[in-house]
Amino acid sequence: MYTHTVQYGSIKIEFELIRKEVRYINLRVNKHGKVVVSAAKNVPLAIIKEFVESKSDWIITHLAEIEKLRQSIPPIGFYEGKTLYYLGKAYSLELAEGPAKIELLGETISMTSQHITENALWEEYLHWLKEQAKVKFEEIMSRIYPLVEPYGISRPVIQIRNMKTLWGSCTTTGKTIRLNLQLMKAPEECIEQVILHELIHFLYRNHGNDFYALLSTLMPDWKDRKKALESKYKDYV
């Protein structure tokens, strides 16, 4: 892959050239705003540049559309009106300057802070979310644990981590499970599925047939709960 440029008036158009067995010269603008051209090895570079120049109007129009779309997308972090999920429900974020405090008010998560900066808001919000999780996770554990108690599984200690890839994990000693703080954005039935999943791992270490047989017996709709958890309730905070 090589990068080349052509000049269109005062505008310099940069494109990536991929040499591969294609019948014609192919040109596209990808979602990242890059111009990509594919052409066979025997097509001279001068011919390829001439082709790109002939498509300059089309290229510039598409690059402008992509840039307009980018600017219309709000930032991933904290901003007034951002949608945040809490226990499966969508809330609109309301920000104000003042003593640190977070409240659920109707359809709104009201957040006041003395430091209206990205990092400060992020830290305060996750701290609040963890305090809620300490109570909620224990409450859900109390509902789910009786399902596995007859199998000789001891009630474990819950540790809370803000993890990027795992919803939960457990120790080999059978005394501790770690739950992802991000679970607090999902409905309680999704959290129940993760907790039960980790509890059964104290009986079956791997994901074998026995593991899934018991999981399906104790929670027949676990697949639906898992699917909902994986596909929804992401607010990128």
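Computed from a prediction, not measured in an experiment: that's the story for all the values here.

Before going further, it helps to examine the sheet that holds strand β1 (residues 2-8). Here we have four strands laid out as an open sheet, ordered β1-β2-β4-β3, and mixed in their pairing. The open sheet has two free edges, formed respectively by β1 and β3 (26-29), since each of these has just one partner strand. Strand-to-strand twist across the sheet, computed as the mean angle between neighbouring axes with direction ignored, equals 30°. Pairing of strand β2 (residues 11-19) with strand β4 (residues 35-39) involves five bridges; the strand directions are parallel.

Our next topic: the sheet that holds strand β9 (residues 157-161). Sheets are built from strands paired through backbone hydrogen bonds, the pairs being either parallel or antiparallel. Read from one edge of the open sheet, three strands run β9-β11-β10, paired in mixed fashion. With partners counted over all chains shown, the strands left at the sheet margins are β9 and β10 (168-170), one partner each. Within this sheet the neighbouring strands show an average axis-to-axis angle of 20°, counted without direction. Each of β9 and β11 (176-180) touches helix α3 (residues 118-148); the most contacted strand, β9, lies at about 145° to it. Along the sheet, helix α4 (residues 188-200) makes contact with β10 and β11, crossing β10 at roughly 20°.

Between its first and last C-alpha, α4 extends 18 Å over 13 residues, near the 18 Å set by a 1.5 Å rise per residue. Burial analysis of α4 places 11 of its 13 residues in the buried class, the great majority of the element. Of the positions making up α4, those classed as buried are Cys190, Ile191, Glu192, Gln193, Val194, Ile195, Leu196, His197, Glu198, Leu199 and Ile200. Packing partners of the buried residues in α4 comprise α3, β10, β11, α5 (209-218) and α6 (222-231).

Turning our attention to the environment of isoleucine 144. Looking at where isoleucine 144 falls in the secondary structure, it is placed in helix α3. Residues isoleucine 144 and glutamine 193, 49 residues apart in the sequence, show an inter-C-alpha distance of 8.9 Å. Residues in contact with isoleucine 144, not counting those within four places in the same chain, are Glu192, Ile195, Leu196, Leu199 and Met219.

Another aspect to go through is the pairing of β3. Covered by surrounding structure in β3 are Leu27 and Val29 only, the residues Asn26 and Arg28 on the alternate face being uncovered. As defined by bridge partners, β3 adjoins β4 across four bridges and the pair is classed as antiparallel. By the bridge assignment for β4, arginine 28 is matched with valine 36. Linking two consecutive strands that pair antiparallel, namely β3 and β4, is a turn of five residues; a positive phi of about 85° is found at glycine 33 within it.

The rules we used
- Residues numbered from 1 in each chain as written.
- Predicted model: local features only at pLDDT ≥ 70, side-chain atom pairs only at ≥ 80, totals over all residues.
- Heavy atoms only, no water.
- Pairing = 2+ DSSP bridges.
- Helix = DSSP H or I, 4+ residues; strand = E, 2+ residues; numbered from the N terminus.
- Axes fitted to C-alpha atoms, helices over the stretch in contact; angles between N-to-C directions.
- Contact = heavy atoms within 4.5 Å.
- Expected span 1.5 Å × (residues − 1).
- Buried < 20%, exposed > 50% of the residue type's maximum accessible area, 1.4 Å probe, protein only.

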